[in-house]
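One-letter residues, chain by chain:
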Amino acid sequence: MKIIVTSIVALAATTALMAGVNAGACKGCHGQNFEKKALGKSQVVAHMSHADIATALKGYKAGTYGKAMKGLMKGQVAKYSDAELDAFAKTIGK
Ligand code: HEC
């Protein structure tokens, strides 16, 4: 019994860590599958490589990437760790 309880706790902790970036928050601007130019300004993220997306997301957070509306994107990603942004970048784009 003790072993089962321990694994459930470990699983819950892993799930919390992996929860990561809330993609739902992005879709209003970037489209359901990141197929839109957000606010007519961004590149189509679905066409970007995983590596370029990771660079963009971490760069917005650090203030080292982006154009006129980079401040807006900083607000979207500042709360996430670089590891979370790296992991999320692998799930979108190509
Ligand atoms: C309120 C609208 C809005 C929301 C919400 C939003 N974005 Fe953006 N996003 C933009 C705009 C506008 C740009 C272009 C910013 C600039 O000037 O560099 C952008 C740029 C980007 C880029 C880089 C594209 C490029 O042109 O280099 C990525 C990647 C990205 N967003 C991912 C996300 C993710 C992931 C989320 C959710 C966590 C998100 N965005 C939420 C509007 C939004």
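Residues numbered from 1 in each chain as written. Predicted model: local features only at pLDDT ≥ 70, side-chain atom pairs only at ≥ 80, totals over all residues.

> Give me the lowdown on the overall build of the chain, citing residues and values where you can.
If you tally the helices and strands in the chain, you get five helices and zero strands. Helices and strands in the chain line up, N terminus first, as α-α-α-α-α. The buried share among the 94 residues of the chain stands at 15%. Across the chain, the fraction of contacts at a sequence separation of at least 24, relative to all contacts at a separation of at least 6, is 54%. (Helix = DSSP H or I, 4+ residues; strand = E, 2+ residues; numbered from the N terminus. Buried ≥ 20, exposed ≤ 12 C-beta atoms within 10 Å, placed from the backbone. Contact = placed C-beta atoms within 7 Å.)

> Go over the site of the ligand with me, naming the residues and quoting the values.
Lining the immediate surroundings of the ligand are 24 residues, of which C26, C29, A38, G66 and K67 lie closest. Sorting the residues of the shell around the ligand by element identifies α2 (27–30), α3 (50–62) and α4 (70–77) as the ones contributing at least two each. Considering every element that reaches the shell around the ligand, the biggest residue donor is α4, with five residues. A breakdown of the residues in the shell around the ligand according to their chemical character gives 15 nonpolar, six polar and three charged. (Near = placed C-beta within 6 Å. Nonpolar A, V, L, I, M, F, W, Y, C, P; charged D, E, K, R; others polar.)

> Tell me about the packing of α3 against α4, and please be specific about residues and values.
In the contact formed by α3 and α4, the axes pass within 8 Å of each other and the chain directions differ by 100°. On the basis of their axis angle, the class for α3 and α4 is roughly perpendicular. When α3 is examined against α4, the residues L57, Y60 and K61 are found in contact with a partner set consisting of K70, M73, K74 and V77. Among the residues making up the contact of α3 with α4, the classes are represented as four nonpolar, no polar and three charged. (Axes fitted to C-alpha atoms, helices over the stretch in contact; angles between N-to-C directions. Parallel < 35°, antiparallel > 145°, perpendicular 65-115°, else oblique.)

> Tell me about the nonpolar core, residues and numbers included.
Core analysis: the largest hydrophobic core is formed by twelve residues, namely V21, F34, V45, I53, A56, L57, Y60, M73, V77, L85, F88 and A89. For this core, the secondary structure elements donating two or more residues are α3, α4 and α5 (82–89). The element that contributes the greatest number of residues to this core is α3, accounting for four residues. Beyond its immediate sequence surroundings of up to four residues, V77 is in contact with L57, Y60, K61 and L85. (Core = buried A, V, L, I, M, F, W, Y, C linked by C-beta atoms within 7 Å.)

> Now, about unusual backbone geometry: what can you tell me, with residues and values included?
Backbone geometry places F34, a non-glycine residue, at a positive phi of 60°. Position of F34 relative to the elements: it lies in the loop between α2 and α3. For F34, a count of 21 C-beta atoms within 10 Å corresponds to the buried category. Even without glycine at this site, L39 takes up a positive phi of about 50°. The residue L39 is located in the loop between α2 and α3 in this model. When the 11 C-beta atoms within 10 Å are taken as the criterion, L39 is described as exposed.

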